[in-house]
Amino acid sequence: MSEKFDVIVIGAGPGGYVAAIRAAQLGLKTACVEKWVNDKGATVLGGTCLNVGCVPSKALLESTHKFHDTQHKNAVHGISADNVTMDVKKMVARKDKIVGNLTMGITGLFKANGVTTLAGMGKLLSGKKVEVTAADGTVTVYDAQNVILASGSLPVNIPPAPLTDGLILDNEGALNIDETPETLGVIGAGVIGLEMGSVWARLGTKVTVLEALDSFLAVADKDVAKEGAKLLKKQGLDIKLGSMVSGTEIVDGKVKVFYKDSKGEQEITVDKLIVAVGRRPQTQGLLADDCGVKLDERGFIEVDIQCKTAAAGVYAIGDSVRGPMLAHKASEEGVMVADIIVGHHAQMNYDVIPSIIYTHPEMAWVGKTEQELKEQGVKIKVGKFPFAASGRAMASNETDGFVKIIADEETDRVLGVHMVGAIASELISQGAIAMEFCSTAEDLQLMCFAHPTVSEAVHEAALAVDGHAIHIANRKKR
């Protein structure tokens, strides 16, 4: 007789492992299936985000940022350092150590909460049965009262640029470059492309970013996109918009990239090429034909607002379902689903999910963009405050960027918060909190922010919504 669980989660990424821990906390007998193994054959938890995504990329970004500041920005503070060097292998080893510590941490959390780890490839069968195929081919079937599908996503590969070991790389390969290339090509000016491009540009690599779209960061507010493009180009990233890659060729250990832009056929030769054109749901082999779960035309699992699939007792979360492919979105869906399973009234506000690009300065936003609201015919008022007018930003020598707040003209409710700045990733949660509590611009205006802080830019942007900012010229008097 097969072992039975109250909940079986397939996938131990940021959606799956959080769902498993929450379910166990709620008293449910829980198991989590994970196929990822390390070079020693041990199961690795944390998924793409922790192992080859969010966390390791931020480690590299932080290391290279410190190096770049030591070389180019600390002199203004009176700090001089000659002949600064970067040990790239040591930088990569630090990244790997951080990843290892965190994956071990999840293993510890599973043990502490009583979550059973099932090593192998998980597949949903009919009747909420889960088939787990171990690395040695052994197949075990488990029974579950509830199943949570958290299979995540995979990088999109494109025929013109097939992955080639050490030369044409996806996000995982990009994180393991252990020598600074003289030249680097990046296909795609999205989050991964810009972050990885920034890492190597700071170390002196000539970086060329090829973006097929004619607009930069079309998903972002136009002011954020404009400012971000200006600052990244100033840092040395050669961002070529409207550039469609048509082919690649390996010549003498380098990559020749062929693309077409408004001027016709073009080509560049680079030491390494990173393909960062997006991600797709990882649902192949996940579902038996008769399991009852449906996929849409793009391969995403169809779910309702509570992440319920067409099969009773089966849920799906994270990158394999609709919505932004963000780790924090997956985690909150995991918590919501676990709560729903035990009968709690739970929901997730999909209108308030922050997005962040960890370049320097960072770009972050939550809610609607100005262009979206105007297209919807919403009457709005906008407040904007530059970090150049912030005393704390001046003291930190981090005056690039701004905070922008958009409010409904009639109700004053905050509809969107957008920013470019050194710690935008930390400040954006202030906007998310305000929107979650349905704050108005006036609510933010009436708050007392600590001085001197970078957060005051949020306060001033809120004041600027009605023309009342103190530290920039006002549009109107009270």
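Refer to the structure printed above.
Remember, predicted model here, so these are calculated numbers, not experimental data. (Residues numbered from 1 in each chain as written. Predicted model: local features only at pLDDT ≥ 70, side-chain atom pairs only at ≥ 80, totals over all residues. Heavy atoms only, no water.)

Visitor: Quick rundown of the overall build of the protein? Include the residues and the values.
Guide: Helix and strand counts for the protein stand at 13 helices and 22 strands. Relative to the 2.2 N^0.38 estimate, which gives 23 Å for 478 residues, the radius of gyration of the protein is 24 Å and therefore close to what a compact globule would have. For the protein, the C-alpha atoms occupy an extent of roughly 75 × 60 × 45 Å along the three principal directions. Contacts in the protein between residues at least 24 apart in sequence constitute 61% of all its contacts with a sequence separation of at least 6. Accessible surface, the protein as shown: approximately 22,500 Å² in total, 51% of it carbon and sulfur. The averaged location of the 59 negative side-chain charges in the protein is 2 Å from the averaged location of its 49 positive side-chain charges. (Helix = DSSP H or I, 4+ residues; strand = E, 2+ residues; numbered from the N terminus. Rg over C-alpha atoms; globule rule 2.2 N^0.38 Å. Contact = heavy atoms within 4.5 Å. Areas by Shrake-Rupley, 256 points an atom, 1.4 Å probe, with all protein chains shown as cover. Lys, Arg positive; Asp, Glu negative; His and termini not counted. Charge placed at Lys NZ, Arg CZ, Asp CG, Glu CD.)

Visitor: Can you break down the packing of aromatic side chains residue by residue, with the values?
Guide: This structure, assessed with the given rule, holds one aromatic pair. The ring of Phe5 is capped by Lys29, whose NZ or CZ atom sits 4.9 Å from the centre of that ring. Taking the ring centre of Phe402 as reference, the NZ or CZ of Lys384 above it sits at 4.3 Å. (Phe/Tyr/Trp six-rings, centres within 6.5 Å; stacked < 30°, edge-to-face > 60°. Lys NZ or Arg CZ within 6 Å of the ring centre and 35° of its normal.)

Visitor: Provide a residue-level description of the pairing of strand β4 (residues 121-124), including the pertinent values.
Guide: Regular strands place their side chains on alternate faces of the sheet. Burial along β4 is one-sided: the face carrying Gly122 and Leu124 is buried and the face carrying Met121 and Lys123 is not. Note that β4 and strand β5 (residues 129-133) share four bridges and pair antiparallel. By the bridge assignment for β5, Gly122 is matched with Val132. The loop that links β4 with its antiparallel partner β5 comprises four residues; one of these, Gly127, has a positive phi angle of about 70 degrees. (Buried < 20%, exposed > 50% of the residue type's maximum accessible area, 1.4 Å probe, protein only. Pairing = 2+ DSSP bridges.)

Visitor: Can you explain the sheet that holds strand β19 (residues 362-367)? Please cite residues and give values.
Guide: Taking strand neighbours across the sheet as the criterion, the five strands line up as β18-β19-β22-β21-β20 in an open arrangement whose pairing is antiparallel. A strand with exactly one partner marks an edge of an open sheet, and here the two such strands are β18 (355-357) and β20 (380-386). Looking at each pair of strands side by side, their axes are set apart by 10 degrees on average, direction ignored. Here β20 pairs with strand β21 (residues 402-408) via seven bridges, running antiparallel. What sits directly across from Val382, in β21, is Ile406. Seen against the sheet, helix α7 (residues 222-234) touches β19, β20, β21 and β22 (414-421) and runs at an angle of roughly 5 degrees to β22. (Axes fitted to C-alpha atoms, helices over the stretch in contact; angles between N-to-C directions.)

Spatial relationships are all this shows, so hold off on functional conclusions.
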